[in-house]
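# Reading the structure
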Amino acid sequence: PDFAPADLPLAGRHILITAGPTHEPIDPVRFIANRSSGKQGFAIAAAAARAGARVSLVAGPVHLPTPAGVDRIDVETAREMLAAVEAALPADAAIMVAAVADWRTADAAGQKLKKDGSGQPAPLVLTENPDILATLGHHVQRPALLVGFAAETEKVADHARAKLARKGADWIVANDVSGDVMGGDANAVHIVTADGIDTWPSMAKADVADRLIEKVAHALASRSH
Ligand code: CTP
Ligand code: CA
């Protein structure tokens, strides 16, 4: 908010957040997507705004209200999300919570695909989407603090550490989605940094958001403005 009291922990900071899934068109009526609800990312955006930050929330297609005091930019595809993220720079911190579709169709059809009567559908040819987090990790306007999320079903810490290095992020918030996290209200996360792993107990997504924003504010305060 423009009138945030100067004593709030994120007063004067710009925080960039992605949330939700992306939808990748197959044809005008069909798309590739995933089960992300956007709840965790929206909760983090709300927490950042309450902490006094200017918040840019780049949101994929979700059914959630815009949190108070948050600038929301709606997008559909991974490529649109990347463009919106780059347009929102510079930011003091970026928290990439979106479950970006890893692949899109190589060539989305301009007209609705039809059955041809053979009983054999044409194969879908996929191509990899840009990695938004990795793009920011190596960007000339790289935010001072760059946080990624990782949903894993096994070897959570190992995979998170590998992503930290590969994407040039400062922290990876890793959650174990072998249970019922997608769409649920609670989350058990591990914060993986170059210094080690901090494991938080399972808590409501709103509490994960508050605690993460507290940690972000602390990290930014210990760096120069
Ligand atoms: N991410 C991104 N752009 C992509 C894919 C992922 O910005 N095209 C970000 C996510 O928002 C998240 C982090 O990267 O912050 C990790 O996402 P994840 O899907 O776990 O990583 P991937 O590199 O896609 O690896 P995987 O093969 O495990 O899906
Ligand atoms: Ca992925």
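What comes next concerns the included structure. Since the model is a prediction, treat every value here as computed from it, not as a measurement. (Residues numbered from 1 in each chain as written. Chains lettered and ligands numbered in written order. Predicted model: local features only at pLDDT ≥ 70, side-chain atom pairs only at ≥ 80, totals over all residues. Heavy atoms only, no water.)

Looking now at the pairing of strand E9 (residues 145-152). Extensive coverage of E9 is indicated by the burial of seven of its eight residues. Examined bridge by bridge, strand E6 (residues 93-96) and E9 share four bridges and lie parallel to one another. Opposite Ala93, over in E9, you have Leu145 as the bridge partner. Bridge count for E9 against strand E10 (residues 171-176) is six bridges, and the pairing is parallel. What sits directly across from Glu152, in E10, is Asp176. Assessed by its sense of winding, the connection that carries the chain from E9 through helix H4 (residues 156-167) to E10 is right-handed. (Buried < 20%, exposed > 50% of the residue type's maximum accessible area, 1.4 Å probe, protein only. Helix = DSSP H or I, 4+ residues; strand = E, 2+ residues; numbered from the N terminus. Pairing = 2+ DSSP bridges. Right-handed = clockwise from strand over helix to strand, strands pointing away.)

Further remarks concern the layout of surface pockets. The computed volume of the largest pocket comes to approximately 1,000 Å³. Forming the boundary of the largest pocket are 40 residues, of which Ala98, Ala99, Val100, Phe149 and Ala151 lie nearest the centre. Listed by contribution, the elements that provide at least two residues to the lining of the largest pocket are strand E1 (14-19), helix H1 (39-50), helix H3 (132-137), E9, H4 and E10. Of the residues contributing to the lining of the largest pocket, the split by class is 20 nonpolar, twelve polar and eight charged. Empty space within the second largest pocket amounts to approximately 470 Å³. In terms of lining, the second largest pocket is formed by 18 residues, of which the most central are Leu113, Lys114, Pro121, Ala122 and Pro123. Grouping the amino acids of the lining of the second largest pocket by side-chain chemistry returns nine nonpolar, four polar and five charged. (1 Å grid on protein atoms, 1.4 Å probe; cavity = no way out; pocket = protein on both sides within 12 Å on 5 of 7 lines; lining within 4 Å. Points joined across faces, edges and corners; volume = space filled by probe spheres on them. Nonpolar A, V, L, I, M, F, W, Y, C, P; charged D, E, K, R; others polar.)

The coordination sphere of the calcium ion (ligand 2), as far as protein atoms go, consists of Asp102 (OD) and Asp102 (OD), spread over 2.4 to 2.5 Å. You can see Asp102 is positioned in the loop between E6 and strand E7 (103-105). (Donors = N, O, S within 2.8 Å, 3.2 Å for Na, K, Ca; no water.)

What follows deals with the pattern of salt bridges. Following the criterion strictly, the structure yields eight salt bridges and no others. One salt bridge connects Arg30 with Asp27, and the closest N-O pair in it is separated by 2.5 Å. Judged by its relative accessible area of 3%, Asp27 is buried. (Salt bridge = Lys/Arg side-chain N within 4 Å of Asp/Glu carboxyl O.)

On to the site of ligand 1. Near ligand 1 you find 14 residues, and of these Met96, Ala98, Leu133, Phe149 and Lys163 are the closest. At a separation of 2.8 Å, a nitrogen atom of ligand 1 approaches a polar backbone atom of Pro130. One nitrogen or oxygen atom from the side chain of Lys167 is found 2.8 Å from an oxygen atom belonging to ligand 1. In isolation ligand 1 has 570 Å² of accessible area, and contact with the protein removes 78% of it. The site holding ligand 1 turns out to be the largest pocket. Contributions of two or more residues to the shell around ligand 1 are made by H3, E9 and H4. Along the lines of polarity and charge, the residues of the shell around ligand 1 split into eight nonpolar, one polar and five charged. (Near = heavy atom within 4 Å. Polar contact = N/O pair within 3.5 Å; in protein donor to acceptor, adjacent residues only side chain to side chain. Areas by Shrake-Rupley, 256 points an atom, 1.4 Å probe, with all protein chains shown as cover. Sits in = over half its atoms within 2 Å of the grid points.)

All quantities given are derived from atomic positions and should not be read as evidence of function.
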